[in-house]
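Structural overview for review
Each chain is listed here by its residues.
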Amino acid sequence: MVSTFHMVLMLVCVVVGIAAAAVPYLMISKRSSALETGLPGAIGYGVLGYVWQYILYMFGGVFIARFPFWGSMNETAQVVVLNVLLTFLTTLCTVAALYWGIYLTNQKKVSIYRSATVGIGFGLGRIGLDLIYPYCYSFYLALQINGGTYNGDANLKSSILSSTSVSLVSGTYKCVLMLVIVFEIALVMGNYYISGNKKMAWIYPLVAYEVIMLMNALPRILFANGGILAEIVVLVLYTIVAAAAGVDIYRWFKTKQIQGFEWILMGRAGRKTKSM
């Protein structure tokens, strides 16, 4: 049996995930409504960007796994090298998807608002695939399990019964943190694009996102036998990065200044957005 509390928590997590994307979207919509339209299209580009980068990442991961040199490595080396290569792959796919969305949404009229909204859409795509779909599907199956009508895979049933409230909350929390981080990256990336600095519109997110992906991978490599400890370290690191991103987003809303993570990467001062 799946407890009522556990089932309600699944739905609460879904609502939190949706709200995490809806709140900044509504804030941007309210602020830019007198200036422009096109925000729904921008968020759509972000969602589609996440979907196609996810597909490319999956195919790319299969391709990497077929490299012939794996046989010459021991198991530990394989894990380390594979994880590092996958961080590069996901970074490249993510930045390409964000750039694609920012490029399309700025074709007729440049807009920092639409550029930032692409990042929200990308985060919403992640929430949809990593949170909304699996949690809602698990809720549906939990109803069947409790009603005695479940006839599906035994392993899937076991995973639902063994899932914990902590895992539900931590999964939701990480999705929210990543939305904030990608929102910030798209904001800075869009400002570079609008300013005509296409080179930095690629370099900045490639460096920033790769550092974030290494934060996700390295603790899992270092604490290979301590899954919970690795997850805690990852969440702490992500919380720190998301907090820094949130400060810059707040600054942008209040003063139109964008600094990004450059105080870490290059020590540059904040830049005023050129197109509002």
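Now for a look at the structure at hand. (Residues numbered from 1 in each chain as written. Predicted model: local features only at pLDDT ≥ 70, side-chain atom pairs only at ≥ 80, totals over all residues. Heavy atoms only, no water.)

Comments concerning the overall build of the protein
How we decide: Helix and strand definitions follow DSSP, with helices as H or I runs of at least four residues and strands as E runs of at least two, each counted in order from the N terminus. Note on definitions: a residue-residue contact is assigned when non-hydrogen atoms from the two residues lie within 4.5 Å. Areas reported here follow the Shrake-Rupley algorithm with a probe of radius 1.4 Å; residue values treat only the protein chains shown as occluding.
Secondary structure assignment for the protein yields nine helices and two strands. Helices and strands in the protein line up, N terminus first, as α-α-α-α-α-α-α-α-β-α-β. At a minimum sequence separation of 6, the contacts of the protein that also span at least 24 residues come to 75%. For the protein, the accessible area works out to roughly 13800 Å², and carbon and sulfur atoms hold 69% of it.

Quick word on helix α8 (residues 227-255)
Heads up, the rule is: How far a helix is expected to stretch is found by multiplying one less than its residue total by 1.5 Å. Three labels apply to residues, based on accessible area from a 1.4 Å probe with only protein chains included: buried if under 20% of the type maximum, exposed if over 50%, partly exposed otherwise in between.
With 29 residues, α8 should cover 42 Å at 1.5 Å per step; its first-to-last C-alpha distance of 42 Å lies within 8% of that length. Looking only at α8, the buried set comprises A230, V234, L235, Y238, V241, A242, A245, D248, I249, W252 and F253. With its phi angle positive at about 65 degrees, K256 sits one or two positions after the end of α8.

Here we look at the packing of helix α6 (residues 165-194) against α8
Rules: To define axes, lines are fitted to C-alpha atoms, for helices over the stretch in contact only, and angles between the resulting N-to-C directions are given on a 0 to 180 degree scale. For classification purposes, an angle smaller than 35 degrees is called roughly parallel, one larger than 145 roughly antiparallel, one from 65 to 115 roughly perpendicular, and anything else oblique. Helix crossings get a hand from a simple test, with the near helix turned counterclockwise from the far one by less than a right angle marking a left-handed crossing and a clockwise turn marking a right-handed one. Gly falls in the polar group here, along with every residue not listed as nonpolar (Ala, Val, Leu, Ile, Met, Phe, Trp, Tyr, Cys, Pro) or charged (Asp, Glu, Lys, Arg).
Following both chains from N to C, one finds α6 and α8 inclined at 40 degrees, their axes separated by 8 Å at the closest point. Comparing the axis directions of α6 and α8 gives the class oblique. For the element pair α6 and α8, the recorded crossing hand is left-handed. Across the interface between the two elements, S170, Y173, K174, L177, M178, V180, I181, F183, E184, L187 and V188 from α6 touch E231, V234, L235, Y238, T239, V241, A242, A245, G246, D248, I249 and W252 from α8. When the residues that make up the contact of α6 with α8 are grouped by side-chain class, the tally is 16 nonpolar, three polar and four charged.

Describing unusual backbone geometry
Of note, K256 is a non-glycine position whose phi angle comes to about 65 degrees, a positive value. A relative accessible area of 31% places K256 in the partly exposed class.

Quick look at the packing of helix α1 (residues 4-32) against α6
Contact pair α1 / α6: the axes reach a minimum separation of 9 Å and the direction vectors enclose 10 degrees. With respect to their mutual orientation, α1 and α6 come out roughly parallel. Each of F5, H6, L9, M10, C13, V16, A20, A21, P24 and I28 in α1 lies in contact with α6, whose residues at this interface are S165, L168, V169, T172, V176, L179 and F183. Partitioned by chemical class, the residues of the contact of α1 with α6 number 14 nonpolar, three polar and no charged.

Overview of the environment of V110
Relative to the helices and strands, V110 resides in the loop between α3 (75-105) and α4 (112-147). Residue V110 is classed as partly exposed on the basis of its relative accessible area of 35%. Each C-alpha atom, one on V110 and one on Y193, is 9.1 Å from the other, the two residues being 83 residues apart in sequence.

Some words on the nonpolar core
Generally speaking, soluble globular proteins have nonpolar side chains that are buried together. We count it as follows: For this analysis, a nonpolar core means a set of buried residues of the types Ala, Val, Leu, Ile, Met, Phe, Trp, Tyr and Cys, connected via side-chain atoms within 4.5 Å.
Formed by 56 residues in total, the largest nonpolar core has its most connected members in I28, L98, M178, I212 and W252. Elements supplying a minimum of two residues to this core: α1, α2 (39-65), α3, α4, α6, α7 (198-222) and α8. Among the elements that take part in this core, α6 stands out by supplying 16 residues, more than any other. In this view, I28 contacts L39, Y113, A116, T117, I120, F183, W252 and F253; residues no more than four positions away in its chain are not counted.

Some thoughts on the layout of surface pockets
To keep things clear, this is the line we draw: Of the grid points, spaced at 1 Å and generated over the protein atoms alone, those admitting a 1.4 Å probe that cannot get out make up cavities, while open sets with protein on both sides within 12 Å along at least five of seven lines make up pockets; any residue with an atom within 4 Å of a point is treated as lining. Grid points are joined across faces, edges and corners, and a volume is the space filled by probe spheres set on the points.
One number sums up the size of the largest pocket: a volume of about 430 Å³. Contributing to the lining of the largest pocket are 20 residues, with Y57, T90, R126, M213 and N216 lying nearest its centre. The residue makeup of the lining of the largest pocket, split by class, is 10 nonpolar, six polar and four charged.

Here we look at the side chain of D248
What counts is decided by this rule: N or O atoms closer than or at 3.5 Å make up a polar contact, with two conditions inside protein: a donor-capable atom paired with an acceptor-capable one, and, for residues adjacent in sequence, both atoms drawn from side chains.
With respect to the helices and strands, the residue D248 is situated in helix α8. Judged by its relative accessible area of 1%, D248 falls in the buried class. Within the local environment of D248, its side chain forms a polar contact with the side chain of R251, the two groups lying 2.4 Å apart. Non-local contacts of D248, meaning those with residues more than four positions away in its chain, are made with E184, V188, Q257, I258, Q259 and G260.

It is worth stressing that arrangement in space is one thing and function is another; only the former is reported here.
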